[in-house]
Amino acid sequence: MTTPSSLLWRHLALRADYPPGTCWAWMDSAGRVCAAPEAPATPHLCARHATVARRKATAAAERATRRAARVAAETERMRPAAETEMAALRRRIAHLDPPTPADGAVVNVPLRKRMPTDAQLVEIAAATARLRQLEDRFGRPC
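The structure presented is a predicted model; accordingly, all values stated were derived computationally and were not measured.

**What to know about the overall build of the protein**
Here is step 1: Along the protein, the regular secondary structure elements total 3 helices and 2 strands.
Here is step 2: Along the chain direction, N to C, the helices and strands of the protein fall in the order β-β-α-α-α.
Here is step 3: Contacts spanning at least 24 positions in sequence make up 46% of the contacts within the protein whose residues lie at least 6 apart.
Here is step 4: Total accessible area computed for the protein in this model is approximately 10,100 Å², and 59% of it derives from carbon and sulfur atoms.

Okay, structure coming up:
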């Protein structure tokens, strides 16, 4: 089973192929690994580097929390404009999308309007891709 303390070495080590039973922390200034005996509570790290790794892990978690809060606030700020854009994209796709052969009224549509042009196909693809991107971030309508 993986515990947070068993993964702390990943904050300080460059590789996972160092000798077992030693500290794997990379020392930038010396250009080598620590190689001190590992602490029993934290595999692959000595007591000193375990403390450093815990600080780095805590700081990374705090940064991730702050970033998630910023993204959520930005998403909510952008929601009204995105919903307006999604509605416009849906209208444009419906306008460009030709009638289907299953539609009985398709026989009354001129032949040149039954198939979209290459430019319309490109526009439909771009609009659909943008709509999917917005729906992934802001959610699909109910």
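Continuing now.
**A closer look at the side chain of Thr75**
Here is step 1: Residue position: Thr75 is located in helix H1 (residues 47–96).
Here is step 2: Taking the relative accessible area as the measure of exposure, Thr75 reaches 9% and is therefore buried.
Here is step 3: If sequence neighbours within four positions are ignored, Thr75 has contacts with Arg137 and Phe138.

**What about the packing of H1 against helix H3 (residues 118–138)?**
Think of two packed helices as two axes; the pair is described by the angle between the axes and how far apart they sit.
Here is step 1: Their axes nearest at 9 Å, the elements H1 and H3 cross at an angle of 150°. Considered as vectors, H1 and H3 are oriented roughly antiparallel to each other. Here the hand of the crossing between H1 and H3 comes out left-handed.
Here is step 2: For the contact of H1 with H3, a count of residues per class yields 12 nonpolar, 3 polar and 9 charged.

**With respect to the confidence of the model for the protein**
It should be kept in mind that the predicted coordinates are not to be read in detail where pLDDT is low.
Here is step 1: In the predicted model, the protein carries a mean pLDDT of 85, and the fraction of residues at 70 or more is 92%.
Here is step 2: When pLDDT is averaged over each helix and strand of the protein, the minimum, 71, is found for helix H2 (residues 111–114) and the maximum, 94, for H3.

Reading guide: rules and limits
- Residues numbered from 1 in each chain as written.
- Predicted model: local features only at pLDDT ≥ 70, side-chain atom pairs only at ≥ 80, totals over all residues.
- Heavy atoms only, no water.
- Helix = DSSP H or I, 4+ residues; strand = E, 2+ residues; numbered from the N terminus.
- Contact = heavy atoms within 4.5 Å.
- Areas by Shrake-Rupley, 256 points an atom, 1.4 Å probe, with all protein chains shown as cover.
- Buried < 20%, exposed > 50% of the residue type's maximum accessible area, 1.4 Å probe, protein only.
- Axes fitted to C-alpha atoms, helices over the stretch in contact; angles between N-to-C directions.
- Parallel < 35°, antiparallel > 145°, perpendicular 65-115°, else oblique.
- Left-handed = near helix turned anticlockwise from the far one by under 90°.
- Nonpolar A, V, L, I, M, F, W, Y, C, P; charged D, E, K, R; others polar.
- pLDDT = per-residue confidence, 0-100.

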